[in-house]
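# A structural walkthrough
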Amino acid sequence: MNRFSSRVRIAALACLVCAGFSVALPADAAARRKTYAVAYEVELRPQSGIAHVTMTLTGPELPSRLTFNIDPERHRNFSGNGDLERGPKSVAWSPPLDKGTLTFDFKVDNVLKGGTYDSRMTDAWAVFRGDRLIPPVRSLASTRLYAETTLHFTLPPGWSILTRYPDRGGHRYVIEDPARRFERPTGWMLAGKIGSRQAAVAGVSAIVATPANDAARRQETLAFLGWNLPHVTSLFPAFPKRLLIVRAGEPMFRGGLSGPASLFLHSARPLVTENRTSPLLHELVHVAMGIRGDATSDWIVEGLAEYYSIELLRRSGGISARRFREATALQGTRGQRAPDLFVGASTGAVTARAVSVMLAVDAEIKEATRGKASLDDVARDLAKRRGEVSLSLFQTLAAKAAGRPVRALERTTLINDR
Ligand SMILES: [Zn+2]
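Residues numbered from 1 in each chain as written. Predicted model: local features only at pLDDT ≥ 70, side-chain atom pairs only at ≥ 80, totals over all residues.

## Details of the confidence of the model for the protein chain
Per-chain confidence: the protein chain averages 92 in pLDDT, with 92% of residues scoring 70 or above. Ignoring residues within four places in sequence, the model shows residues 1-23, a span with pLDDT below 50, making 49 contacts including any to other chains. (pLDDT = per-residue confidence, 0-100. Contact = placed C-beta atoms within 7 Å.)

## Concerning unusual backbone geometry
With omega at 5°, the peptide bond leading from E250 into P251 counts as cis. Within the secondary structure layout, P251 lies in the loop between β18 (242-248) and β19 (256-259). Backbone geometry places N77, a non-glycine residue, at a positive phi of 55°. Within the fold, N77 resides in strand β4 (residues 75-80). Although it is not a glycine, R370 sits at a positive phi angle of roughly 50°. Position of R370 among the secondary structure elements: in the loop between α8 (348-368) and α9 (375-385). (Helix = DSSP H or I, 4+ residues; strand = E, 2+ residues; numbered from the N terminus.)

## Brief notes about helix α7 (residues 321-335)
The first and last C-alpha atoms of α7 sit 21 Å apart over 15 residues, in line with the 21 Å expected at 1.5 Å per residue. Buried within α7 we find A327, T328, Q331 and G335. Buried residues of α7, viewed axially, fall in a sector of 90°; they line one side. Seen from the open side of α7, the exposed residues pointing more than 90 degrees away from its buried face are R322, A329 and T333. (Expected span 1.5 Å × (residues − 1). Buried ≥ 20, exposed ≤ 12 C-beta atoms within 10 Å, placed from the backbone. Arc of directions from axis to C-beta.)

## Description of the packing of α8 against helix α10 (residues 391-402)
Contact pair α8 / α10: the axes reach a minimum separation of 8 Å and the direction vectors enclose 30°. The residues of α10 that touch α8, namely those facing V361, E364, I365 and A368, are A398, A401 and A402. A class-by-class count of the residues in the contact of α8 with α10 yields 6 nonpolar, no polar and 1 charged. (Axes fitted to C-alpha atoms, helices over the stretch in contact; angles between N-to-C directions. Nonpolar A, V, L, I, M, F, W, Y, C, P; charged D, E, K, R; others polar.)

Have a look at this one:
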C-alpha cells in the first residue's frame, strides 16, 4: 500500500532467507539429532527507551558461531562470554562450549521520513517487531543440532504484552519455526497498558489489541474480521491459526504494515476506504501470501493485495458487484498516471495500475478455462511457495492455471497497456 510497507516487509522476508532453511533429515540422522536451548530474556525499559536482551544458549553442544546482521543505530552495547567480533553492521559471536550468554540493547524507537514511527516505546506502551528486536542471524552449527527456543519478557509494573505467540504463562513463549535452523521471535508485538478483544473466526484465533486509551475501534475491527476472514482463509487455506492485529494512533506510521502472523494498522485508518478498497484486507493478504517482489516486481505483491482487498469485500457482500466494477474502474483511471509498473517500490498509481493487470489476468484465465480456474489458483500457488516473486514466475504460474500463456502478463502488454 505504501513505500514503507513494502520496504519493511521486504526486509522482514529477507531475514527469513538469511536465517537459512533446514532440510529434511534422513531417519538415522534424525535419530542422532541433538538439542540445545536458546532462551531470549527481554526487559523493556521505557525510561531509557530500550529493550535489554539477554540470550542464553545451553546444551551439550552449541553452534560454533552466530553472526548477527545488526542495525548499528538500534542494536548496541553487545557483551558476552566466549568470543565477540564487532563489525560495522555485524556482530559475530562464538559462545563457549556448553553455555553462552550474550547481552545487547535494542533502541525501540524508529523514526520514519515525515516524523512518524514504525516502532515506538512511550511510558505507557510499546509497539515493535520481534524480528527487529532480535536481528537476523546466521548460525554455524552441526546439521544434527537443533534449538529449543523460548522467549520471556520482563515488563514495567502494570504492563502486559501480546505477541503472535500464545502466552505459556507469565509472558513466556515457545518459538517454533520449522523454516529456520536458528529461531528468533518474529511479528508485531504490543506491550504496556493495553486493551484487546479476541474471537475465533474461520479457525483463526484473532486478537485485536491497542494501547489502553487509543481511539481505535477494536470491536469493529473484530466484527469486520468476522465476515471477511472466512473469505481470506478459503482463498488461502494455510492462513496462520493465530493472528495478532495491533492498532495504535499518533505518532505511529499512518498506514498498514504486515508481518508474520500479525499486522499493524494505524488507529485512524478506515476498514474500508471511500474508494472501496480495504486497508485491513490488503494487509491480511500480505500476511496470507508472505511474498516479496524482486527488484522490479513489487507491483505484483502490491497489486495482488490491493486487488483482493476489493475482490474479497465483494465476496463477503461488503460491496455489490456493481460497486466492485466501479472500484476497479477507479483504480484503472488512477493507474493511468503511473508511467511504469517495474519500479522498486509499488505505491499509489503503480499499485492502481497493477490492480487492472490482476483484473485482466483473472478474466483471461477464466476465459481460457471456461471458469474452471482463476487468479485465485495463481495467488494460492504463490502463497504456498512464499519468498520472492518475479514476473517470469508469475507468468509461469498464470500459464499453468490458464493452460496457455497469459497475454495480459506479456512484458510488451505490461509496458504498452495504459
Ligand atoms: Zn501493501
